[in-house]
Amino acid sequence: GEDVEQSLFLSVREGDSSVINCTYTDSSSTYLYWYKQEPGAGLQLLTYIFSNMDMKQDQRLTVLLNKKDKHLSLRIADTQTGDSAIYFCPREAGNMLTFGGGTRLMVKP
Amino acid sequence: EAQVTQNPRYLITVTGKKLTVTCSQNMNHEYMSWYRQDPGLGLRQIYYSMNVEVTDKGDVPEGYKVSRKEKRNFPLILESPSPNQTSLYFCASRPTSGNLQEESSYNEQFFGPGTRLTVL
C-alpha cells in the first residue's frame, strides 16, 4: 500500500476549522512535516512536529500526532480563502521525503 | 534573496530530443533533490545529491540523469524524453542534517517554482 495516505479533497466555509489527515504505514520518521502548495507555485514548509511530541500549536495551526495509530493531522482554525491550496504530509525516510497524493483544500467565501 | 531557481519554467518538446532542466540554489545547501509531481500521486523523488559529486537514485530514476559538479547546481537531464515524462518537476535543497534528535534539526526543504514539461 501507499506509504502516506491522504484524502484527496476537503471543502470548508471561510471562518470554519479545517482538519486535514494523514496516515502512514511506517511511523519511524524523526520529524513529520506539513507543506503547502499554492496554485502554480512550489511547496513551502508550513509546520513540522518532532516525533516525540503529541501536539504542536503555531498560531492558527495545530498539529496532532498519534504514533500508535500512525496518524497525523493538521487543524487550521478560522480558515481563510488564502488557505486554499494543496497540503502534503511527507514522511522522512533516510535521505528522502516520501509524499502522499496531497489534500486539496477549497475554502468557500 | 535565498531561493531555488529552475529553468525553464515551461517546456514543450518532442519524443527523443535531449533536454536539460537547470536548478540552482544560493543558500550553500549540501543536499539537493529532484521530484516530479503527477495528479493524485503527489511528489515522487527522482534523484538526490548529498553533496558535490555524490548522487543517488530516488523512487523513480528511470529515464533521468543528474550531475552535481558544483554545490549550487543540480541539473536534471532527459537523454531521450518520452510522453510518460510529461509532468511538473520540482528541484529542492536543504542543509545537511544536524543532530536529528534535537528539535532544531528538522530538515526544511526549499523548493523551486517548478518546471512544467510536456513531451509530445
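In case you missed it, the structure is sitting above this.
Source: prediction; values computed, not measured.

A. Representation of the overall build of chain B within the structure. Helix and strand counts for chain B come out as zero helices and 11 strands. Its helices and strands in sequence order give chain B the pattern β-β-β-β-β-β-β-β-β-β-β, from N to C terminus. Here the C-alpha atoms of chain B give a radius of gyration of 14 Å, agreeing with the 14 Å that 2.2 N^0.38 yields for 120 residues. Along the longest, intermediate and shortest principal axes, the C-alpha atoms of chain B span 45 × 30 × 25 Å.

B. Quick peek at the sheet that holds strand 1 (residues 4-6) of chain A. All names here are of chain A. In spatial order, the strands read 1-3-8-7-6; together these five strands make up an open sheet with antiparallel pairing. In the strand order of this sheet, the two ends are held by strand 1 and strand 6 (55-58), each with one partner. On average, adjacent strands in this sheet sit at an angle of 15° to one another, irrespective of strand direction. With six bridges joining them, strand 3 (residues 18-24) and strand 8 (residues 71-76) adopt antiparallel strand pairing. When the sheet's bridge partners are listed, serine 18 is paired in strand 8 with isoleucine 76.

C. Structural view of the interface of chain A and chain B. On the chain B side, the residues contacting the 21 residues of chain A number 31 residues. Between chain A and chain B, the buried area comes to about 2000 Å², and carbon and sulfur atoms account for 55% of it. Interface area lost by chain A to chain B is led by Tyr31, Asn95 and Met96 of chain A, which between them contribute 27%. At the junction of chain A and chain B, the tally comes to zero salt bridges. The tally of links from chain A across to chain B stands at two residue pairs in polar contact (both at pLDDT 80 or more). Of all the secondary structure elements, the ones that give two or more residues to the side of chain A that touches chain B are strand 4 (31-37), strand 5 (43-50) and strand 11 (96-98) of chain A. Tallied by class, the residues present in the side of chain A that touches chain B amount to 13 nonpolar, seven polar and one charged.

D. Layout of the sheet that holds strand 1 (residues 4-7) of chain B. Residue and element names in this part refer to chain B. Pairing within the open sheet is antiparallel, and its four strands lie in the order 1-3-8-7. Only two strands of the sheet have a single partner each, and these edge strands are strand 1 and strand 7 (65-66). Alignment of strand 1 against strand 3 (residues 19-25), held across four bridges, turns out to be antiparallel. Residue valine 4 lies in a different strand from strand 3, and its bridge partner there is glutamine 25.

E. Expanded view of the state of the cysteines. All names here are of chain A. With the rule as written, the count across this model stands at two disulfides over all chains. Across the disulfide from cysteine 22 sits cysteine 89; the S-S distance is 1.4 Å. Here the S-S torsion is close to -75°, and the disulfide linking cysteine 22 with cysteine 89 is therefore left-handed. Residue cysteine 22 is found in strand 3, and its partner cysteine 89 is found in the loop between strand 9 (85-88) and strand 10 (91-93); the two are separated by 67 residues along the sequence. When its relative accessible area of 0% is taken as the criterion, cysteine 22 is described as buried.

F. Broad picture of the side chain of serine 67 of chain B. Residue and element names in this part refer to chain B. Of note, serine 67 is situated in the loop between strand 7 and strand 8 (76-78). Classification of serine 67 as buried rests on a relative accessible area of 18%. For serine 67, the residues in contact, after removing those within four places along its chain, are Asn73, Phe74 and Pro75.

G. Region of the structure containing the nonpolar core. Counting 37 residues, the largest nonpolar core has Trp34, Tyr35, Leu72, Tyr87 and Phe99 of chain A together with Leu43 and Phe111 of chain B as the members making the most contacts within it. Contributions of two or more residues to this core are made by strand 3, strand 4, strand 5, strand 7 (61-66), strand 8, strand 9 and strand 12 (103-108) of chain A together with strand 9 (87-94) of chain B. Beyond its immediate sequence surroundings of up to four residues, tyrosine 87 of chain A is in contact with Gln6, Ile20, Trp34, Tyr35, Lys36, Leu46, Leu74, Ile76, Gly102, Thr103 and Leu105 of chain A. Counting residues in hydrophobic clusters, the runner-up holds 19 residues, among them Met32, Leu76, Tyr89 and Val119 of chain B.

H. Representation of the pattern of salt bridges. According to the stated counting rule, one finds nine salt bridges over all chains in the structure shown. For glutamate 38 of chain A, the salt bridge is made with lysine 36 of chain A, and the minimal N-O distance between the two is 3.1 Å. Judged by relative accessible area, glutamate 38 of chain A falls into the partly exposed class, the value being 34%. The shortest N-O distance in the salt bridge between arginine 44 of chain B and aspartate 38 of chain B comes to 2.8 Å. Judged by relative accessible area, which is 26%, arginine 44 of chain B ranks as partly exposed.

Cut-offs and rules
- Residues numbered from 1 in each chain as written.
- Chains lettered and ligands numbered in written order.
- Predicted model: local features only at pLDDT ≥ 70, side-chain atom pairs only at ≥ 80, totals over all residues.
- Heavy atoms only, no water.
- Helix = DSSP H or I, 4+ residues; strand = E, 2+ residues; numbered from the N terminus.
- Rg over C-alpha atoms; globule rule 2.2 N^0.38 Å.
- Pairing = 2+ DSSP bridges.
- Axes fitted to C-alpha atoms, helices over the stretch in contact; angles between N-to-C directions.
- Contact = heavy atoms within 4.5 Å.
- Buried area = accessible area lost by both parts, 1.4 Å probe.
- Salt bridge = Lys/Arg side-chain N within 4 Å of Asp/Glu carboxyl O.
- Polar contact = N/O pair within 3.5 Å; in protein donor to acceptor, adjacent residues only side chain to side chain.
- Nonpolar A, V, L, I, M, F, W, Y, C, P; charged D, E, K, R; others polar.
- Disulfide = S-S within 2.5 Å.
- Buried < 20%, exposed > 50% of the residue type's maximum accessible area, 1.4 Å probe, protein only.
- Core = buried A, V, L, I, M, F, W, Y, C linked by side-chain atoms within 4.5 Å.

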